[in-house]
2 protein chains.
Amino acid sequence: MDEKIRVGVLGPEASFSEIAARKLFPRAEMIYFETISECIEAVPERVEYAVVPIENSLHGTVFETLDAITESGLKICAEKVIPVIHCLVGFGKLEGIEKIISHPQALAQCRKWIRKNLPGAKLEKVSSTSLAAKLVAELSSPSVAAISSREAARVFGLKVIVENIQDSENNATRFVCVSTKDSPRTGRDKTSIVFACRENRPGVLWEALGEFAKRGVNLTKIESRPSKKMLGEYIFYLDFEGHREDEKIKECISSLEKITAFLRILGSYPRDF
Amino acid sequence: MDEKIRVGVLGPEASFSEIAARKLFPRAEMIYFETISECIEAVPERVEYAVVPIENSLHGTVFETLDAITESGLKICAEKVIPVIHCLVGFGKLEGIEKIISHPQALAQCRKWIRKNLPGAKLEKVSSTSLAAKLVAELSSPSVAAISSREAARVFGLKVIVENIQDSENNATRFVCVSTKDSPRTGRDKTSIVFACRENRPGVLWEALGEFAKRGVNLTKIESRPSKKMLGEYIFYLDFEGHREDEKIKECISSLEKITAFLRILGSYPRDF
C-alpha cells in the first residue's frame, strides 16, 4: 500500500482535469496526457484511473470521451462536477493591463467583462488556460495578464487580480473517472448506458423510455447521436438514477435489451449532484 | 437587388463556418466575427444572416449557439452539414516535414495518422486550422506543414500534401443559418424546439414524447440539459421532421404546451439530410 495511485489527466499542470482528479484522489500521482484518447488508453497499464471531461454546460457532450470509453470496454466508476470560474491573474493592477492571454473559449466566455473593463486590451490565444498562466509567470510583466483558474494562478505564483469574470454564471464541467471496474452500490447511484434501437421508426425511443417511466426511474440525461453506420440511425446515451444491481434497474435493462440492437452499460457510480 | 447579401461567419477567412455559409450563399459578402455570440448578435443590423456551428459528431452540441439563438429571439431558417476533412498542407513533401501547425482539436483528431507517418514531427498549436494554413504560407518552408481544410490550402496558396488524414471517418459539423424569420414549408422540413417540463418527476419526458409518437412524428435529435435555475430541473432540445405549419405538428405543439413550463419554436427549415 506504499505505492501511490497513478491518475491520468489532461495536461498541463493545474488544468481543470487535474482539479477534478484532485477532488477524487487528493494524494495521487498525476500523469499528464495531451489528448482524452491517450489518457483513457493508458488505463490500466500506465495509470489505474483516468479523469476526463464528459460534458460542459456551455459546450455540450464530449463525444471523444464517450467513444473512447465505449471502445475501451472500461467503466465509469465516479463523476465530479467542477464549476468553471475564470479569473484575471498576473502581477499588476487592473488599470495597467494591455494584453490578456488565454484559451479562445475562455476569452469568448469573458467577452462582455473584457469589453466593459479592459476594452483596449490586446487578446492572445493559446491552447489552454493553465499554459496562459505559465506564460504570464515567465513574462513577469505588470501589463500582461492571463485568464485562468485560481488553482493555475497559485501553481504558477500569480496574483488573482479579479475573480469570477465569466459572462455566464452557469459554466460547469462534469468529469468522469474511468477504470477497469465500476463502483459498488451506495444507495445514491447513477448508471450510464448507450444503446441503439432495433428499428428506426417514430415512437421507438418513446417505447424505450417507457421501460423507465413505468418503473418510476428518473432520467438525468438523454442525448441522441446519429450512428456512424447509417444516415437516419441513432444511438442514445442515457443517465438515470439507480445502480445496475438494483432490482428495478435490472428489469429496465432486460426489457430494453428486447428492443435494442445493442446496449452497453458504461458503469454505475455514486452521484455527485 | 444590386446590393450583396451580408452573412456573418466565424473567422478567419476559409474557416469551416465560411465553407458552410458559401454552400448556402455562394455569392454573399462574408463578414468575419471572433465569437458565435457576436456573430448572432450582428443580425439583423450588420448582417442579414449568421451561419454558426450547432453540433459536431465528435464534440457534441454547441450550447453557446443554442443559448444565443434562444436569447436573441431569432429563428433558424436553414441547416447545412459539412464533413470535416483534414489535410496536411504546405510546400514540401511528406518526408521533409519536421513541424506541424494546427488547432489542438485537429491535431488530436489526426493523432494516429501523425504517429504512424510523421512520428518525429514537432506539433505547434494555434487557435484555428485556417490560421495554421496562413502561418505556413507566410513561413514558406518545405519543413513546416499545417493541418487544415482543402479550401484553406487553396485560399492561402498551399499544396495538399495528403488528404483525409483524420483518424475517425465520422467527423462532420452541422451548421444553422439564423435570421429574423424561419423558412416557409417545402414538404421536407425539420423543426427545432426547446422546452422545460412543468414537473420534475419520472415519466414526464416520456409523456411529452408520447405526443410525437402517437402522431407518427419522427424525432431526429433529442438532448437534455440541466436548467440554469434549479438543480434537477431540465430543459430539452428536440428536432423533428415536419414544419410548424403542418396540421400534425401544430397538434403536437399545442398538446405539449399543456405540460411544459415554457416552449419555444427555434424555427422550421428544409432538411439538409
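Residues numbered from 1 in each chain as written. Chains lettered and ligands numbered in written order. Predicted model: local features only at pLDDT ≥ 70, side-chain atom pairs only at ≥ 80, totals over all residues. Heavy atoms only, no water.

**Some thoughts on the interface of chain A and chain B**
- In this assembly, 45 residues from chain A lie in contact with 45 residues from chain B.
- Of the roughly 3,700 Å² buried where chain A meets chain B, counting both sides, 55% is carbon and sulfur surface.
- The tally of links from chain A across to chain B stands at eight salt bridges.
- Here glutamate 41 of chain A makes a salt bridge to arginine 111 of chain B, at a shortest N to O gap of 3.2 Å.
- At seven residues, the largest contribution of residues to the side of chain A that touches chain B is made by strand E13 (residues 219-226) of chain A.
- Within the side of chain A that touches chain B, the residues separate by chemical class into 17 nonpolar, 15 polar and 13 charged. (Contact = heavy atoms within 4.5 Å. Buried area = accessible area lost by both parts, 1.4 Å probe. Salt bridge = Lys/Arg side-chain N within 4 Å of Asp/Glu carboxyl O. Helix = DSSP H or I, 4+ residues; strand = E, 2+ residues; numbered from the N terminus. Nonpolar A, V, L, I, M, F, W, Y, C, P; charged D, E, K, R; others polar.)

**A closer look at the state of the cysteines**
Residue and element names in this part refer to chain A.
- Considering all chains together, one arrives at zero disulfides over all chains under this definition.
- Cysteine 252 forms no disulfide, and the closest cysteine sulfur to it belongs to cysteine 197, at a distance of 15 Å.
- Residue cysteine 252 is classed as buried on the basis of its relative accessible area, which comes to 0%. (Disulfide = S-S within 2.5 Å. Buried < 20%, exposed > 50% of the residue type's maximum accessible area, 1.4 Å probe, protein only.)

**Examining the domain arrangement of chain A**
All names here are of chain A.
- Domain boundaries assigned for chain A yield domain 1 (6-83 + 171-179), domain 2 (87-162) and domain 3 (189-270).
- Inter-centroid distance (C-alpha atoms) of domain 1 to domain 3 is 23 Å.
- At the junction of the two partners, domain 1 supplies 14 residues and domain 3 supplies 15 residues.
- Buried area between domain 1 and domain 3, both sides added, is near 1,300 Å², and the carbon and sulfur share of it is 49%.
- Broken down residue by residue, the surface that domain 1 buries against domain 3 is led by Phe63, Thr70 and Ile76, which jointly contribute 38%.
- In this assembly, domain 1 and domain 3 are joined by four salt bridges.
- In this structure, lysine 190 and glutamate 79 form a salt bridge, with 2.9 Å as the shortest nitrogen-oxygen distance.
- For the pair domain 1 and domain 3, the number of links is ten residue pairs in polar contact (both at pLDDT 80 or more).
- Residues of the side of domain 1 that touches domain 3, tallied by class, amount to seven nonpolar, two polar and five charged. (Domains from an automatic or database assignment. Polar contact = N/O pair within 3.5 Å; in protein donor to acceptor, adjacent residues only side chain to side chain.)

**Quick notes on the sheet that holds strand E6 (residues 87-90) of chain A**
Residue and element names in this part refer to chain A.
- Spatially, E8-E7-E9-E6-E10 is the arrangement adopted by the five strands of the open sheet, whose pairing is mixed. Two strands in the sheet have a free side with no partner beyond their single neighbour: strand E8 (122-125) and strand E10 (159-162). Across this sheet, the average inter-strand angle for adjacent strands is 35°, counted without regard to direction.
- Across three bridges, the pairing between E6 and E10 is antiparallel. Paired with glycine 90 across the bridge in E10 is lysine 159.
- The strands touched by helix H6 (residues 129-139) are E6, strand E7 (99-102) and strand E9 (144-148); relative to E9, the strand with the most contacts, the crossing angle is about 155°. (Pairing = 2+ DSSP bridges. Axes fitted to C-alpha atoms, helices over the stretch in contact; angles between N-to-C directions.)

**Brief notes about the nonpolar core**
- Ranked by size, the top nonpolar core spans 41 residues in total, and within it Phe195 of chain A together with Ile193 and Phe195 of chain B carry the most contacts.
- Aside from chain neighbours lying at most four places away, what touches phenylalanine 195 of chain B is Leu205, Ala208, Tyr234, Ile235, Phe236, Leu238, Leu256, Thr260, Phe262 and Leu263 of chain B. (Core = buried A, V, L, I, M, F, W, Y, C linked by side-chain atoms within 4.5 Å.)

**Structural notes on the relation of the copies chain A and chain B**
- Superposition record for chain A on chain B: RMSD 0.0 Å, screw rotation 180°, translation along axis 0.0 Å. What the rotation and shift describe, once combined, is the action of a two-fold rotation axis. Distance from the rotation axis, computed per C-alpha, reaches its smallest value in chain A at glutamate 223 of chain A: 2.2 Å.
- The share of interface residues of chain A whose copies in chain B are also at the interface is 100%, consistent with both copies meeting through the same surface. (Least-squares fit on C-alpha atoms with pLDDT ≥ 70 in both.)

**Observations concerning the pattern of salt bridges**
- Throughout the structure, instances matching the rule amount to 46 salt bridges over all chains.
- Its salt-bridge partner being arginine 115 of chain A, residue glutamate 38 of chain B comes within 4.0 Å of it at the nearest N-O pair. Residue glutamate 38 of chain B is located in helix H2 (residues 36-41), and its partner arginine 115 of chain A is located in helix H5 (residues 111-117); the two belong to separate chains.
- The salt bridge partner of arginine 150 of chain B is glutamate 163 of chain B, with a shortest N-O separation of 2.8 Å. Taken as a pair, arginine 150 of chain B in helix H7 (residues 150-155) and glutamate 163 of chain B in the loop between strand E10 (159-162) and strand E11 (172-179) lie far apart in primary sequence, 13 residues in all.

**Regarding the side chain of glutamate 64 of chain A**
- With respect to the helices and strands, glutamate 64 of chain A occurs in helix H3 (residues 63-72).
- Arginine 111 of chain B is the oppositely charged side chain nearest to the buried, salt-bridge-free glutamate 64 of chain A, at an N-O distance of 6.3 Å.
- Here the side chain of glutamate 64 of chain A touches serine 37 of chain A through a polar contact of 3.3 Å, side chain to side chain.
- Ignoring any residue separated from it by four or fewer positions in sequence, one finds glutamate 64 of chain A in contact with Thr35, Ile36 and Ser37 of chain A together with Leu58 and His59 of chain B. (Lys, Arg positive; Asp, Glu negative; His and termini not counted.)

**Notes on the packing of helix H8 (residues 204-213) of chain A against helix H9 (residues 247-259) of chain A**
All names here are of chain A.
- One can describe the packing of H8 onto H9 by two numbers: an axis separation of 9 Å at closest approach and a directional angle of 165°. Here H8 lies roughly antiparallel to H9, going by the angle between them. The hand of the H8/H9 crossing is right-handed. Only Cys252, Ser255, Leu256 and Ile259 of H9 make contact with H8, whose side of the interface consists of Glu207, Ala208, Glu211 and Phe212.
- Residues that form the contact of H8 with H9 fall into these classes: five nonpolar, one polar and two charged. (Parallel < 35°, antiparallel > 145°, perpendicular 65-115°, else oblique. Left-handed = near helix turned anticlockwise from the far one by under 90°.)

**Some words on the environment of phenylalanine 273 of chain A**
- Within the element layout of this structure, phenylalanine 273 of chain A appears in the segment after strand E15 (260-270).
- Between the C-alpha atoms of phenylalanine 273 of chain A and glycine 92 of chain A, which are 181 residues apart in sequence, the distance is 38 Å.

**Focus: unusual backbone geometry**
- Here the residue pair glycine 11 of chain A and proline 12 of chain A is connected by a cis peptide bond, since its omega of -5° sits within 30 degrees of zero.
- Along the chain, the position of proline 12 of chain A falls in the loop between strand E1 (6-10) and helix H1 (16-24).
- Positioned with a positive phi, asparagine 164 of chain B is a non-glycine residue whose angle comes to about 65°.
- Positionally, asparagine 164 of chain B belongs in the loop between E10 and E11.
- With relative accessibility at 48%, the residue asparagine 164 of chain B sits in the partly exposed group.

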